[in-house]
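Structural features, examined
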Protein chains: 2
Amino acid sequence: MTTGKPLRADARRNRDALLAKARELFADGCFDMRFDDFARLAGVGTGTLYRHFPTREALAEAVYRSELDAMCARGRELRDTLPAAKALAAFLRDLVDHLEAHQGLARTLATLMAAQSGPLAEGGRELSQVIAGLLAAGVEEGSIRDDVGVGAVMMALQGICTACGRPGSRADADGTVTLVLDGLRSPAPPLSGGG
Amino acid sequence: MTTGKPLRADARRNRDALLAKARELFADGCFDMRFDDFARLAGVGTGTLYRHFPTREALAEAVYRSELDAMCARGRELRDTLPAAKALAAFLRDLVDHLEAHQGLARTLATLMAAQSGPLAEGGRELSQVIAGLLAAGVEEGSIRDDVGVGAVMMALQGICTACGRPGSRADADGTVTLVLDGLRSPAPPLSGGG
DNA sequence: ACAAGATATGGAGACAGTTTCCGTTTGTCA
DNA sequence: TGACAAACGGAAACTGTCTCCATATCTTGT
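Keep in mind it's a predicted model, so treat the numbers as computed, not measured.

This part takes up the overall build of chain A. The helix and strand inventory of chain A stands at nine helices and zero strands. Secondary structure elements of chain A occur, N-terminal to C-terminal, as α-α-α-α-α-α-α-α-α. Its C-alpha atoms put chain A at 60 × 40 × 30 Å along the principal axes. Scored against the burial criterion, the 195 residues of chain A give a buried share of 44%.

Below you can see the structure in the form of structure tokens.
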């Protein structure tokens, strides 16, 4: 999907121009601009914009694709080089750092995780798998409980991504990660017993 | 705000008709219908709809207002009748039950929590205060850590609300609540130490 | 270098949904 | 019952999205 298409020279040029302008705007905090206007700003026609990126989510995904990939790679690296519990903690802390520094990434991730199917969901799934790997390593190591799945962690993560950027969100996000990490430790605690 | 307006008879009738139809549609899972069409379905003009509910969020908020109030009342009751830790657990478990049973409530709550200011944010703040009360009781009781604020719990809750309705979301939501509750217990654990 | 064919462009305009506006209707009060 | 205020309704203006296709640009073979 990513490879296998020899894009024509002008097409590639336009695509790059769109991505470059999108990066610039996202960095400035402009996420909700008119799609038409964005095309004009990037110096291409609306048709061209739509051909390259059918939706604004597709655009955001493309902009943050490399960062997301790097994130996932880092997760796998951590899993292979640290004790599992440490690796998971480091990964989630780093993730929150990145999210707080890059609003656009947080938004994009929130969108990706919300997507249930379609090409968009792919990106979310990748992150989910990395976290699943970290959890599995922890379970094997004996440091992480095995009765709570990745989905639970992803839900908390989705909350973090959604709330990211609000005043005070940094402290709250750290708190949520702390709760998740500590919650993943205990094996059979009294508080959670519901009925 | 809620009181203090002697609404004219026909106005009240229309308002009620709008709310009734909205409840009916929400119950059927129709959340994203055209606002115009909705007015027609309720038997009023578009202008009337907009006068009563300027946005679809305002409508959703009005529809679920009573349920939200009941929820908050229940939270306060639990705080006053159970040991704090139990009260918090019961409250969150109940909340998830309700959210899973009523997609519309989950959506509305997600919206309310996302709203940073304006009349919409009011509803979110109310829930937040109830949870803060439960946490405070637990801290006083000594069963809940005091280094993590309400915001952290609200973030996780927002994730739950956002993801609600997806296949398998029930199990994941339960897992997230478990993580939060267990995470709130431990006082100074090794896993969360970041740097 | 050039022709032929394939590929991509751009922006006008159709479309869909939202929101306003104001002439008309309905309710209230004395 | 009349006078006034409040509310109605839906046509029309507006906003943003997306498609379509005549035109322009690239690529490849000779």
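For the rest of this paragraph, the subject is the protein's contact with DNA strand D. If you check the shell around DNA strand D, you find 21 residues, and the closest are A:Ala9, A:Gly47, B:Asn14, B:Gly45 and B:Gly47. The set of elements that each furnish at least two residues to the surface near DNA strand D consists of α1 (9-27), α2 (35-42) and α3 (46-52) of chain A together with α1 (9-27) and α3 (46-52) of chain B. When residues in the surface near DNA strand D are grouped by element, the largest group, four residues, is from α3(B). Tallied by class, residues from the surface near DNA strand D come to six nonpolar, eight polar and seven charged.

Around DNA strand C, a shell composed of 21 residues is seen, among which A:Asn14, A:Gly45, A:Gly47, B:Ala9 and B:Gly47 lie nearest. When contributions to the surface near DNA strand C are tallied by element, the ones reaching two or more residues are α1 and α3 of chain A together with α1, α2 (35-42) and α3 of chain B. It is α3(A) that contributes the most residues to the surface near DNA strand C, four residues altogether.

Once chain A has been moved 0.0 Å along the axis and rotated by 180°, it coincides with chain B to within an RMSD of 0.1 Å. Both copies of the chain, as the preceding transformation shows, are related through a two-fold rotation axis. The fraction of interface residues of chain A whose copies in chain B are also interface residues reaches 100%, indicating that both copies meet through the same surface.

So, on to the interface of chain A and chain B. At the junction of the two partners, chain A supplies 37 residues and chain B supplies 37 residues. Only α5 (84-101), α8 (150-163) and α9 (169-185) of chain A provide two or more residues apiece to the side of chain A that touches chain B.

Residues and elements named next belong to chain B. Taking 1.5 Å of rise per residue, the 18 residues of helix α5 (residues 84-101) would be expected to cover 26 Å, and the 26 Å separating its terminal C-alpha atoms lies within 8% of that figure. For α5, the complete set of buried residues consists of Ala84, Ala85, Ala87, Leu88, Ala89, Phe91, Leu92, Leu95, Val96 and Leu99. In the core, the buried residues of α5 are packed alongside α4 (56-81), α6 (103-114), α7 (119-141), α8 (150-163) and α9 (169-185).

Residues and elements named next belong to chain A. The topology assignment puts threonine 111 in helix α6 (residues 103-114). A residue is classified by how many C-beta atoms lie within 10 Å of it, and threonine 111, with 19 of them, is partly exposed. Distance from threonine 111 to glutamine 158, taken between C-alpha atoms, is 8.9 Å for residues 47 residues apart in sequence. If near-sequence neighbours (up to four positions away) are discounted, threonine 111 is found in contact with Glu57 and Ala60.

Looking now at α9(A). The first and last C-alpha atoms of α9(A) sit 24 Å apart over 17 residues, in line with the 24 Å expected at 1.5 Å per residue. Counted residue by residue, α9(A) has 15 buried out of 17 residues, so it is predominantly covered.

Residues and elements named next belong to chain A. Split by domain assignment, chain A resolves into domain 1 (6-54) and domain 2 (61-184). Relative placement of domain 1 and domain 2: their C-alpha centres are 28 Å apart. Taken together, the contacts link seven residues of domain 1 with five residues of domain 2.

Attention now moves to the packing of α5(A) against helix α7 (residues 119-141) of chain A. Residue and element names in this part refer to chain A. Two numbers describe how α5 lies on α7: the axes approach to 8 Å, and their chain directions differ by 155°. Put simply, α5 runs roughly antiparallel to α7. Seen from above, α5 lies across α7 with left-handed handedness. Facing α5, whose interface residues are Ala84, Ala85, Ala87, Leu88 and Phe91, α7 presents Leu134, Leu135, Ala137, Gly138 and Glu141.

Let us look at the packing of α8(B) against α9(B). All names here are of chain B. Put simply, α8 and α9 touch, their axes get as near as 10 Å, and they point 175° apart. In this view, α8 runs roughly antiparallel relative to α9, as classed from their interaxial angle. Residue-level inspection shows Val153, Ala156, Gly159, Ile160 and Ala163 of α8 in contact with α9, the latter providing Ser169, Asp172, Ala173, Thr176 and Val180. Looking at side-chain class alone, the contact of α8 with α9 contains six nonpolar, three polar and one charged residues.

Residue and element names in this part refer to chain B. Considering the arrangement of structural elements, one finds arginine 76 in helix α4. Of the residues examined, arginine 76 has 15 C-beta atoms within 10 Å and is grouped as partly exposed. With residues near it in sequence (within four places) discarded, arginine 76 still touches Val130 and Gly133.

By size, the foremost hydrophobic cluster in this structure holds 115 residues, and its most contacted members are A:Ile160 and B:Ile160. With residues near it in sequence (within four places) discarded, A:Ile160 still touches A:Val96, A:Leu99, A:Ala173, A:Thr176 and B:Met155.

This part takes up the environment of A:Ala89. By the element assignment, A:Ala89 lies in helix α5. In sequence terms A:Ala89 and A:Met113 are 24 residues apart; their C-alpha atoms lie 20 Å from each other.

What counts as what
Residues numbered from 1 in each chain as written. Chains lettered and ligands numbered in written order. Predicted model: local features only at pLDDT ≥ 70, side-chain atom pairs only at ≥ 80, totals over all residues. Helix = DSSP H or I, 4+ residues; strand = E, 2+ residues; numbered from the N terminus. Buried ≥ 20, exposed ≤ 12 C-beta atoms within 10 Å, placed from the backbone. Near = placed C-beta within 6 Å. Nonpolar A, V, L, I, M, F, W, Y, C, P; charged D, E, K, R; others polar. Least-squares fit on C-alpha atoms with pLDDT ≥ 70 in both. Contact = placed C-beta atoms within 7 Å. Expected span 1.5 Å × (residues − 1). Domains from an automatic or database assignment. Axes fitted to C-alpha atoms, helices over the stretch in contact; angles between N-to-C directions. Parallel < 35°, antiparallel > 145°, perpendicular 65-115°, else oblique. Left-handed = near helix turned anticlockwise from the far one by under 90°. Core = buried A, V, L, I, M, F, W, Y, C linked by C-beta atoms within 7 Å.

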